[in-house]
Number of protein chains: 2
Amino acid sequence: MSNQGVLVVLSGFSGAGKGTIMKELIKRYPYFLSVSATTRKPREGEINGKDYFFHSREKFETMIEQGELIEWAEYVGNYYGTPKQAVEKQLAEGKDVLLEIEMQGGMLVKEQFPNALLLFVTPPSFTDLEQRLIGRGTESKDEINRRIQRASEEIAYMSSYDYLIINDELEQAVQDVHQIIQSEHMRVSYQTDMIHNFEQEANNNK
Amino acid sequence: MSNQGVLVVLSGFSGAGKGTIMKELIKRYPYFLSVSATTRKPREGEINGKDYFFHSREKFETMIEQGELIEWAEYVGNYYGTPKQAVEKQLAEGKDVLLEIEMQGGMLVKEQFPNALLLFVTPPSFTDLEQRLIGRGTESKDEINRRIQRASEEIAYMSSYDYLIINDELEQAVQDVHQIIQSEHMRVSYQTDMIHNFEQEANNNK
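Computed from a predicted structure; not experimentally measured. Counting of residues starts from 1 at the beginning of each chain's written sequence and follows it residue by residue. Chains and ligands are labelled by the order in which they are written, letters from A for the one and numbers from 1 for the other. pLDDT decides what is reported in this predicted model: residues at 70 or higher carry local features, side-chain atom pairs at 80 or more are listed and counted, and totals for whole chains, interfaces and linings draw on all residues regardless. Here the side-chain values reflect all heavy atoms present in the structure, with hydrogen atoms and water set aside.

**Thoughts on the sheet that holds strand β5 (residues 69-75) of chain B**
Residues and elements named next belong to chain B. Operational definition: Here the rule is simple: two strands pair whenever DSSP picks up at least two bridges between them. Where helices and strands are cited, they refer to DSSP runs of H or I of at least four residues and of E of at least two residues respectively, numbered from the N terminus.
Reading across the sheet, the four strands line up as β4-β3-β6-β5 and stay open at both edges, with mixed pairing between neighbours. Two strands in the sheet have a free side with no partner beyond their single neighbour: β4 (53-54) and β5. When strand β3 (residues 37-38) meets strand β6 (residues 78-83), the two strands line up antiparallel, connected through two bridges. Looking at β6, one finds that Thr38 is bridged to Tyr80.

Now the structure itself:
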């Protein structure tokens, strides 16, 4: 565990701003953003291995069978998932890895990586969330209602997360997430090498 | 739990600098420092209720029997302990309470306050600890050896704490402790009121 990176799961309601927080973190700090695998076709300008790992359905299903994905889900006919190997490699090298995933995926990550740090991004209130979705003006009324409905179901996941990040001011939220990750490195579970050194030094001293 | 203060236990090796960290925290931030009860006689200038609560042995033993102390111990013929009521009052008012206590006491606090935040202050290495104790020049060689011996026994407690605070530079250590306490308020267990509000708003919305 010592000198391992922290695996950070960032989830939250649609419209809570987790994507923006993620971008700011990556821009400022040496966090490693996990690249998802998907079966959807690349859009113009998207680069394989940077935006996504683009795979065929056959390949993706083989990856599922071989246990090569930490979590995966199917949306609108396409698979999306988190490749395990890249995440484990970065963690072993001491890099903190950020995953922006849905809550069901977050729960699966926690099962496989019990030390994962689960952060739930939310506006200060449900009313704020509704206002933000309406205010964006980019979705139809039906789509907004669908998202609000989904958010009200997702509230049930909040207490399964470790921390709530209240995204009222973006700058504060970015600092909060960064601070929580930095503090995590001081957790005893990340300091086992240090404790071991103390034991050895004290023994040599006898 | 919501809007409750955080109960912070600060322990560490003799010579690790926990007292200095404590003083800096109190000076800069609105933390509440718990005042210990004791049966030792007040020294000149010590004020009852500020430095200690000074009690007779009889009174102290009644407090033990009545469960009025979170933890207590006897050193060199005198009792020392942490009064429960004052701590609970401050926590209920939302104030973070700092306790500077021995590790055995820390374990007792954790039993009674499972959400207590246990911080272990240590120099970067055991050799550093020895150097500091020798360098102070205020203790006899026997006393230094006694403290080193005790520290080597106390290593066993490190992994029962939540975080290790490596006090290499005082300023960094003070900031680390402050940051960890601040992050703690974002923990889901301190945000139950907020989650409850979300549930209510979502229900009213149906």
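**Remarks on the interface of chain B and chain A**
The test is simple: For this analysis, residues touch if any pair of their heavy atoms sits within 4.5 Å. Here the quantity called buried area is the total loss of accessible area, with a 1.4 Å probe, experienced by two parts when brought into contact, counted for both. Any carboxyl oxygen of Asp or Glu that lies within 4 Å of a side-chain nitrogen of Lys or Arg is treated as forming a salt bridge with it. Within 3.5 Å is the distance limit for a polar contact, defined as a pair of N or O atoms, with the added protein rule that one can donate a hydrogen and the other accept it, and that residues adjacent in sequence qualify only through two side-chain atoms. For this scheme, ten residues count as nonpolar: Ala, Val, Leu, Ile, Met, Phe, Trp, Tyr, Cys and Pro. Four count as charged, namely Asp, Glu, Lys and Arg, and the remainder, Gly too, count as polar.
Taken residue by residue, the interface counts 35 residues in chain B and 34 residues in chain A. Carbon and sulfur atoms supply 66% of the area buried between chain B and chain A, which totals about 3200 Å² over both sides. There are zero salt bridges connecting chain B and chain A. At the junction of chain B and chain A, the tally comes to 13 residue pairs in polar contact (both at pLDDT 80 or more). Counting only elements with at least two residues in the side of chain B that touches chain A, the list comes to α5 (126-136), α6 (141-154), β9 (163-166), α7 (170-184) and α8 (192-204) of chain B. Considering only residue class, the side of chain B that touches chain A consists of 18 nonpolar, 10 polar and seven charged.

**Considerations on α8 of chain B**
So the rule is basically this: A helix is expected to span 1.5 Å for every residue after the first. Buried residues are those whose accessible area, probed at 1.4 Å on protein chains only, stays under 20% of the maximum for their type, while exposed residues exceed 50% and partly exposed ones sit between those limits. Here the arc refers to the directions that run from the helix axis out to each C-beta atom.
Spanning 13 residues, α8 of chain B covers 18 Å between terminal C-alpha atoms, matching the ideal 18 Å at 1.5 Å per step. Turning to α8 of chain B, its buried residues number three or more, namely Met194, Ile195, Phe198 and Ala202 of chain B. Buried residues of α8 of chain B, viewed axially, fall in a sector of 100 degrees; they line one side. On its buried side, α8 of chain B packs onto β8 (117-122), α5 (126-136), α6 (141-154) and β9 (163-166) of chain A.

**Describing the relation of the copies chain B and chain A**
This is how the line gets drawn: Copies overlap after least-squares fitting; the atoms used are the C-alpha atoms of residues with pLDDT of at least 70 in both.
Taken as rigid bodies, chain B and chain A are interconverted by a rotation of 180 degrees and an axial shift of 0.0 Å, the fit giving an RMSD of 0.0 Å. Here the transformation between the copies is reduced to the relation of a two-fold axis.

**Observations concerning the pairing of strand β8 (residues 117-122) of chain B**
All names here are of chain B. Judged by how many residues are buried, β8 sits mostly within the fold: six of six residues are covered. Alignment of strand β1 (residues 7-12) against β8, held across five bridges, turns out to be parallel. For Ser11, the partnering residue across the bridge sits in β8 and is Phe120. In terms of strand pairing, β8 meets β9 through four bridges, oriented parallel. Bridged to Thr122 within β9 is Ile166.

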